[in-house]
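Understanding the architecture of this molecule
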Amino acid sequence: MSNATAIVKAGLTKRYARERRFRLFGLVSIVISLSFLAALLITIFAQGLPALRQTYIQLPVNLDPALLAVNASDSPELLQKAKYAKAIEAALIERFPGVTDRKQKMALIRGLLSKSADNELKSQVLANPKLIGSQQNFWFLANDDIDTYIKGNIDRSLPEADRRIKDFQLAWLDDLEAKGQIEKRFNTVFFTSGDSREPEQAGVLGALMGSFYTMFVTLALSFPLAVAAAIYLEEFAPKNNPLVDFIEVNINNLAAVPSIVFGLLGLAVFIQFFGVPRSTPLVGGLVLSLQTLPIIIIAARAALKAVPPSIRQAAYGMGASRMQTVFHHTLPLAMPGILTGTILGMAHALGETAPLLMVGMVAFIMSVPEGITDPATILPVQIYLWSDSPERAFVEKTSAAIIVLLFFLILMNLLAVLLRKKFERRW
Amino acid sequence: MNTLPLLLVLLVLALFSFFLGRKRSLAVSKGNRGNYRAPNKLHSLPSYYGYSAMIYAVLPALIVLLLWSAISPVLIAKNVAASLPAEIHNAGATQVELTMNRVESMAHAGKIDPTADPIQQAAAQHYLSLAKNSQNIKTALVLLIALGGLYLGWKMISPQFRARNQVENVVKGLMILAASVAIVTTLGIILSVLFESIRFFQVVPVSEFLFGTHWSPQTAIRADQTGGSGSFGAVPLFAGTLLISVIALAIAVPLGLMAAIYLSEYAQPKVRAIAKPTLEILAGIPTVVYGFFAALTVAPFIRQLGEAIGLSVASESALAAGLVMGIMLIPFMSSLSDDVINAVPQSLRDGSYGMGATRSETIKQVIIPAALPGIVGAFLLAASRAIGETMVVVMAAGLSANLTANPLEAVTTVTVQIVTLLTGDQEFDSPKTLAAFALGLTLFVLTLILNIIALRIVRKYREQYD
């Protein structure tokens, strides 16, 4: 055995150990990264899924004409103004006759049912005025504190002073539960209403529609512009032209500019200078389209570049002009790639929050927007707003809104993957 | 007519002129389009004559319409402002601006508030009549130009007319315009932040902004209020941004780099096919979700952990925000590193193995040195992301400007301050709002420098092995 081999052999165990250690580091960092992902998703889903169900309380209400101050034969206008809150109040006191303490009475009337209870009763009565004068059982949305307790997020064993639900309220709830007058149902309110200060009445529909209109404006502006720009840069632009180089540098830089700077641009240029109305999907879409533009351009250029030159040569050979070649052959072949890039760019825009805070899309808006010039908020901003709210019940709403957002993102990404799978061609 | 119906009319006209032009081309060639010897054979396909007529009819009218819609409100406002009585003008520029705001809001609502100041009512009346005139002139002008253009386009059509070349040139011109939007955007960003920043620096000296160590932007709203002094020393913000970014990069760079190395050098193809896209899910999660995770899960967790070992941790500690931002940057770092590691030619690896090196020795002594410029570029891009990241810090970092290097305390960042200064309604011209633009300028310049260096390094490196 020569001297050199001896030296190598002597160090071999150590070197192999180092090799194993290094490999382990790599594996560990992947495991750590993936466990972060798992932790994130598990937390969000664990917190958000309970929001799909909402607590309802059954209450026998005596629709006494004297109490409501209307008769069954009255016109709808009069029925509108009937005193429904009074009827509910009376029903609550009747249901829990033992309550005499003033504070407890307040908690009973204000704290058990959602504030919208009288509206729910009103719509029921308006739909069927014959109910007036009879005793009926109605299911009402429970207040958010009650809902939080029913879902097990308030610990009974805590001292009373530390709980939002006091002992006397627990007694009511136990009584309701024993009689089967409290139950959890699918939370339709969450998917059919706009924002609200009351967690139990808050929904994502307003934010979803806001996001939809914003995305519509973004797509309508950025897609044609990006495709046109990509075609020019990839197919027509002269090589080594300083202006073209400058455009390319600009596009690459814009793709890396912090999103909040686009918000400043939107505020100073679109709102202050051009007078586009604040808080609307229009101005939000304008800002996002500028931000999405470079992403789509880069994707579209890559797709155009992937079309082999032989296609173009064949078209030229048949006497087509450059423009005809692009529009009849290159662009259709590159379209799946361009669309994939566009969907991914739109998914990115859908999750964008910071620039939209700058253009006033953080306003508290209860109504569901009906067009691109109505004040609106969007889903990520809604998440931000809810996460700031102090009520415990908003935590699960926030997580549920995140689940809705992630659902749409997954949907868009799946669509992109499918599109790629179906149309991908290796030349 | 309003702008929208006018656009619809133009659309209909466009369709009409297309068919008109196409028909005319067939008529002038007397059906000889296929006969190449005929003296009146068409230069282009008939549909190009249609497109050409369409362009003549619609394009100039559209340009006039857009220009008029952009310029006329400004001119009307100027005219109305000039017509205001002398006493308002004498009261100063703010009074004029205030009156004009009321007048414009009345005019936009379309009805004049009878309880308003008579001067404002008269001005609003004047405004409305001017707007109506402008609307009428615009409609007439646009329609006239459209019809004139259509006539011209129609007259131009002859067998010798090179319609295809014309149409293609116009289309190419539109494409160049689309490509220049990128330049216009950059210009818009620079101008908007620069102008407001210049106005800010007229009130607050640059040196105070860049080197002052006290940040409290709450200025007195009215002159008679005491309280906020309004000091704009941004050093605590820069320090806070740096602290959080350093924490984030300290997590993202080693984890991302090692993950990339493992995936590209060690992992079985099957593992790679699953692990790589899963890792990239992290990049697809919106930042607001990370912010929520940081504020509601990570920050309380770190706080409890700190209390358990006897440390006092702020509820909005820099550590929580930095940690979550680090998680967010892992896929960014790993996919960029993965690209550069894969770009290192196989021959370098084979050479190293041939000399008897182990895999880890090859990676450490051959691949990383060869890929170093790309890795540095990835690092700089990640740093630029960390500095510009907004939602995570808005939701998880603090608001008060602390000059500290302790990651357990609350710090604030440049982006957090921009958001707090600009959300909600406030006066646009106060130093408080202008300060946000100065911060935006700093942010833009800083990230621009990082991006340019990073892109240059990455590009240079790519060429080396191509």
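**With respect to the interface of chain B and chain A**
- Taken together, the 76 residues of chain B in the interface contact 72 residues of chain A.
- Contact between chain B and chain A buries roughly 6500 Å² in total, counting both sides, with carbon and sulfur atoms accounting for 78%.
- When residues of chain B are sorted by the area they lose upon contact with chain A, M175, Y262 and F292 of chain B head the list and together hold 10% of the total.
- Taken together, the connections running from chain B to chain A amount to 1 salt bridge.
- E361 of chain B is the partner of R15 of chain A in a salt bridge, and the nearest nitrogen-oxygen pair spans 2.8 Å.

**What to know about helix α5 (residues 118-156) of chain B**
- With 39 residues, α5 of chain B should reach 57 Å at 1.5 Å per residue; the first-to-last C-alpha distance of 56 Å fits that figure.
- Among all positions in α5 of chain B, only Q120, A123, A124, Y127, S134, K138, T139, V142, A146, G149, L150 and G153 of chain B are buried.

**Overview of the domain arrangement of chain A**
All names here are of chain A.
- Taken domain by domain, chain A holds domain 1 (54-185) and domain 2 (205-423).
- Between the C-alpha centres of domain 1 and domain 2 the distance comes to 47 Å.
- Across the contact, 6 residues belong to domain 1 and 5 residues belong to domain 2.
- Across the domain 1/domain 2 interface, buried area totals approximately 420 Å², and carbon plus sulfur atoms make up 38% of it.
- Counting the surface domain 1 buries against domain 2, the share from its top three residues, D144, T148 and N153, is 64%.
- Residue E396 pairs with K151 through a salt bridge whose shortest N-O separation is 2.6 Å.
- In this structure, the connection of domain 1 to domain 2 is made through 2 residue pairs in polar contact (both at pLDDT 80 or more).
- Looking at which element gives the most residues to the side of domain 1 that touches domain 2, the answer is helix α7 (residues 144-150), with 3 residues.

**Digging into empty space enclosed by the protein**
- Throughout the structure, instances matching the rule amount to 3 cavities of 30 Å³ or more.
- In this structure, the largest cavity is lined by A260, L263, K276, L279, E280, S334, S335 and D338 of chain B.
- Of all the elements in the fold, those that place two or more residues in the lining of the largest cavity are α8 (235-266), α9 (269-284) and α11 (318-343) of chain B.
- Counted by class, the lining of the largest cavity contains 3 nonpolar, 2 polar and 3 charged residues.
- Taken together, I251, L254, L290, L293, P294 and I297 of chain A together with A182 and T185 of chain B form the lining of the second largest cavity.
- When residues of the lining of the second largest cavity are traced back to their parent elements, those giving at least two are α11 (242-254) and α13 (281-306) of chain A together with α6 (163-203) of chain B.

**Overview of the confidence of the model for chain B**
All names here are of chain B.
- With 92% of its residues at a pLDDT of at least 70, chain B reaches an overall mean of 86.
- Looking across chain B, the model is least confident in helix α4 (residues 93-109), with a mean pLDDT of 76, and most confident in α8, with 94.
- Across the predicted assembly, pTM comes out at 0.88 and ipTM at 0.90.

**Some thoughts on the environment of S264 of chain B**
Residue and element names in this part refer to chain B.
- By the secondary structure assignment, S264 is in helix α8.
- Sequence separation between S264 and D338 is 74 residues; the distance between their C-alpha atoms is 6.6 Å.
- The residues touching S264, leaving out its near neighbours within four places in the chain, are R272, D338, I341 and N342.
- Among the polar contacts made by the side chain of S264, one reaches the main-chain carbonyl oxygen of A260 at a distance of 2.9 Å.

**Description of the packing of aromatic side chains**
- For the coordinates displayed, the defined rule picks out 22 aromatic pairs over all chains.
- The interplanar angle of 65° and the centroid separation of 5.6 Å between the aromatic rings of F212 of chain A and Y213 of chain A together place this pair among those described as edge-to-face.
- Geometrically, the ring pair formed by F18 of chain B and Y51 of chain B is tilted, given 5.0 Å between the ring centres and 50° between the ring planes. A residue pair is termed long-range when its members are at least 10 positions apart, and F18 of chain B in helix α1 (residues 3-28) and Y51 of chain B in helix α2 (residues 46-83) qualify at 33 residues.
- A residue is classified by how much of its surface remains accessible, and F18 of chain B, at 15% relative accessible area, is buried.

Rules of the game
- Residues numbered from 1 in each chain as written.
- Chains lettered and ligands numbered in written order.
- Predicted model: local features only at pLDDT ≥ 70, side-chain atom pairs only at ≥ 80, totals over all residues.
- Heavy atoms only, no water.
- Contact = heavy atoms within 4.5 Å.
- Buried area = accessible area lost by both parts, 1.4 Å probe.
- Salt bridge = Lys/Arg side-chain N within 4 Å of Asp/Glu carboxyl O.
- Helix = DSSP H or I, 4+ residues; strand = E, 2+ residues; numbered from the N terminus.
- Expected span 1.5 Å × (residues − 1).
- Buried < 20%, exposed > 50% of the residue type's maximum accessible area, 1.4 Å probe, protein only.
- Domains from an automatic or database assignment.
- Polar contact = N/O pair within 3.5 Å; in protein donor to acceptor, adjacent residues only side chain to side chain.
- 1 Å grid on protein atoms, 1.4 Å probe; cavity = no way out; pocket = protein on both sides within 12 Å on 5 of 7 lines; lining within 4 Å.
- Points joined across faces, edges and corners; volume = space filled by probe spheres on them.
- Nonpolar A, V, L, I, M, F, W, Y, C, P; charged D, E, K, R; others polar.
- pLDDT = per-residue confidence, 0-100.
- Phe/Tyr/Trp six-rings, centres within 6.5 Å; stacked < 30°, edge-to-face > 60°.

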